[in-house]
Amino acid sequence: MIGVVLITHGRIGQSMLEVATRLVEIQKDYIQVVSSCSYDQPELLVRVENAFKSMPDCDGFLVLTDLFGATPTNVTQSFMRAYNLAVITGLNMPMLLKALTYHKQALSLDELAGRVYDASKACIVLEEGDK
């Protein structure tokens with residue numbers, strides 16, 4: 001199974017997970033949430049690594065972050081060699097719902113990441129009224 005780690009600013013990740021659990025059944029042992037705002041860089045690195053270590057039976061980790069180029073995404077670079085990771089930025093609810101649904105299936109990390117990425121992009125829609 002693939003573990004899912006949300007690394008976000010403030011309580012964004014925890015709040016989104018709370019909403020998502022009302023819509024899909026989750027496997028709590030394979031999902032971790034880390035907030036980047038409450039800690040300095042060394043403490044954040046420890047907390048992210050602890051999130052990975054808390055799921056030792058995983059074949060890899062899908063990391064979802066809220067903002068490309070910001071601390072939640074940047075901190076993942078420290079773990080790319082030590083862990084089998086795929087990182088997707090721009091966390092949105094469809095992305096999270098797909099990750100929580102697909103990570104339980106017998107998919108490789110690459111397959112899971114691809115499906116979640118494609119599904120999250122497909123759910124971004126621009127609607128415009130009459131001008």
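The name given to the protein chain in an unreviewed UniProt entry is PTS sugar transporter subunit IIA, and the organism recorded there is Cysteiniphilum litorale. The heading Subcellular location (unreviewed entry) in the UniProt record of the protein chain holds the text "Cytoplasm".

Moving on: the sheet that holds strand 1 (residues 2-8). In spatial order, the strands read 2-1-3-4; together these four strands make up an open sheet with parallel pairing. Lying at the two open borders of the sheet, with one neighbouring strand each, are strand 2 (31-35) and strand 4 (85-88). Neighbour-to-neighbour, the strand axes of this sheet turn through a mean angle of 20°, independent of strand direction. As defined by bridge partners, strand 3 (residues 60-65) adjoins strand 4 across four bridges and the pair is classed as parallel. Counterpart to L64 in the pairing with strand 4 is I88.

Here, the residues flagged by UniProt with the feature "domain: PTS EIIA type-4" (unreviewed entry) are residues 1-124. In this annotation, residues 1-124 is assigned 40% helix and 18% strand; the end-to-end C-alpha distance for the span is 28 Å.

Counting 25 residues, the largest nonpolar core has L62, L64, L96, L100, L112 and V116 as its most contacted members. Those elements giving two or more residues to this core turn out to be strand 1, helix 1 (12-20), strand 3, strand 4, helix 4 (93-102) and helix 5 (109-122). Here the element with the most residues in this core is helix 4; it accounts for six residues. Each residue touching L64, except ones within four places of it in the same chain, is listed here: V4, V5, L6, I7, I88, L91, M95, L96 and A99.

Per the stated rule, a full pass over the model turns up two salt bridges. Taking the shortest distance from any N to any O, the salt bridge between E18 and R11 comes out at 3.4 Å. A relative accessible area of 52% means that R11 is categorised as exposed. The shortest N-O distance in the salt bridge between E43 and R47 comes to 2.9 Å. A residue pair is termed a helical-turn pair when its members lie 3 or 4 positions apart in one helix, as E43 and R47 do in helix 2 (residues 41-53) at four residues.

At a minimum axis separation of 10 Å, helix 1 and helix 4 run at an interaxial angle of 65°. Once helix 1 is placed against helix 4, the crossing between them reads as right-handed. Across from M16, L17, V19 and A20 in helix 1, the residues of helix 4 making contact are M93, L96, L97 and L100. For the contact of helix 1 with helix 4, the per-class residue count stands at eight nonpolar, no polar and no charged.

Procedures and definitions
Residues numbered from 1 in each chain as written. Predicted model: local features only at pLDDT ≥ 70, side-chain atom pairs only at ≥ 80, totals over all residues. Heavy atoms only, no water. UniProt positions renumbered as here; feature names shortened; annotations may be inferred. Pairing = 2+ DSSP bridges. Helix = DSSP H or I, 4+ residues; strand = E, 2+ residues; numbered from the N terminus. Axes fitted to C-alpha atoms, helices over the stretch in contact; angles between N-to-C directions. Core = buried A, V, L, I, M, F, W, Y, C linked by side-chain atoms within 4.5 Å. Buried < 20%, exposed > 50% of the residue type's maximum accessible area, 1.4 Å probe, protein only. Contact = heavy atoms within 4.5 Å. Salt bridge = Lys/Arg side-chain N within 4 Å of Asp/Glu carboxyl O. Left-handed = near helix turned anticlockwise from the far one by under 90°. Nonpolar A, V, L, I, M, F, W, Y, C, P; charged D, E, K, R; others polar.

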